[in-house]
Amino acid sequence: QVQLVESGGGLVQAGGSLRLACEASGRTISNVNMGWFRQAPGKEREFVATISWNGYVTYYADSVRGRFTISRDTAKNTVYLQMNDLKPEDTAVYYCALGLQRIGLITTSRVDYWGKGTLITVSS
């Protein structure tokens with residue numbers, strides 16, 4: 001059974017930083033696309049960042065590019081999202097995602113497994 005467990009969420013002041021981690025079990029992350037999505041209250045779940053199955057390519061939503069960095073540690077079977085210069089509009093539940101298809105994990109329809117989410121609250 002594939003499970004994705006996020007950690008690192010919490011409350012942070014605007015301009016601060018957090019690092020999210022997503023530990024996968026039941027499946028190696030080294031041959032699947034991984035990503036992060038987020039959902040703010042009253043809004044649709046939206047793409048944040050992804051890293052390709054081979055780790056060679058990363059891609060970010062325009063709203064976070066330059067501030068967030070996705071990375072992975074295959075030895076730990078863990079994907080990270082380093083979030084810097086956080087803004088109140090980053091407040092959301094952040095979800096780790098795994099896609100089995102070797103296609104960009106940039107839409108929710110391409111996600112095969114979801115984590116349960118972790119809440120990030122950015123205060124101004």
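Residues numbered from 1 in each chain as written. Predicted model: local features only at pLDDT ≥ 70, side-chain atom pairs only at ≥ 80, totals over all residues. Heavy atoms only, no water.

## Brief notes about the packing of aromatic side chains
Applying the stated criterion across every chain, the model contains 4 aromatic pairs. Between phenylalanine 37 and phenylalanine 47, the aromatic rings sit 5.8 Å apart at their centres with planes inclined by 75°, giving edge-to-face as the arrangement. A residue pair is termed long-range when its members are at least 10 positions apart, and phenylalanine 37 in strand E4 (residues 33-39) and phenylalanine 47 in strand E5 (residues 46-51) qualify at 10 residues. Like phenylalanine 47, phenylalanine 37 is buried. Ring geometry for phenylalanine 37 versus tryptophan 114: centroids 5.2 Å apart, planes at 70°, classification edge-to-face. In this pair, phenylalanine 37 sits in strand E4 while tryptophan 114 sits in strand E10 (residues 113-114), placing the two residues 77 residues apart along the sequence. Note on phenylalanine 37: relative accessible area 0%, which makes it buried. By the ring-pair criterion, three or more aromatic residues cluster together here, those being Phe37, Phe47, Tyr59, Tyr95 and Trp114. Above the plane of the ring of tyrosine 95 lies arginine 45, whose end atom (NZ or CZ) is 3.6 Å from the centre. Positioned over the ring face of tyrosine 59 is arginine 65, at 5.3 Å from the centre of the ring. (Phe/Tyr/Trp six-rings, centres within 6.5 Å; stacked < 30°, edge-to-face > 60°. Helix = DSSP H or I, 4+ residues; strand = E, 2+ residues; numbered from the N terminus. Buried < 20%, exposed > 50% of the residue type's maximum accessible area, 1.4 Å probe, protein only. Lys NZ or Arg CZ within 6 Å of the ring centre and 35° of its normal.)

## Re the pattern of salt bridges
All chains considered together, the criterion is met by 5 salt bridges. A salt bridge links arginine 38 to glutamate 46; the shortest N-O distance between them is 2.7 Å. Given the relative accessible area of 5%, arginine 38 is considered buried. When its relative accessible area of 30% is taken as the criterion, glutamate 46 is described as partly exposed. (Salt bridge = Lys/Arg side-chain N within 4 Å of Asp/Glu carboxyl O.)

## Quick look at the nonpolar core
If you look at the biggest cluster of nonpolar residues, it comprises 35 residues, and the most contacted ones within it are Met34, Trp36, Leu81, Met83 and Tyr94. Only strand E3 (18-25), E4, E5, strand E7 (68-73), strand E8 (78-83), strand E9 (92-99) and strand E11 (118-123) provide two or more residues apiece to this core. Ranked by residue count, the leading element in this core is E9, at 5 residues. (Core = buried A, V, L, I, M, F, W, Y, C linked by side-chain atoms within 4.5 Å.)

## Comments concerning the sheet that holds E7
Sheet strands line up and pair through hydrogen bonds in the backbone, either parallel or antiparallel. On the basis of which strands lie adjacent, the open sheet formed by 4 strands has the order E1-E3-E8-E7 and antiparallel pairing. What marks the edges here is a single partner per strand, and that holds for strand E1 (3-7) and E7. Sheet twist, expressed as the average angle between the axes of neighbouring strands with direction ignored, equals 20°. Sheet topology note: the E3/E8 ladder contains 6 bridges and is antiparallel. Bridge pairing in E8 links alanine 21 to tyrosine 80. (Pairing = 2+ DSSP bridges. Axes fitted to C-alpha atoms, helices over the stretch in contact; angles between N-to-C directions.)

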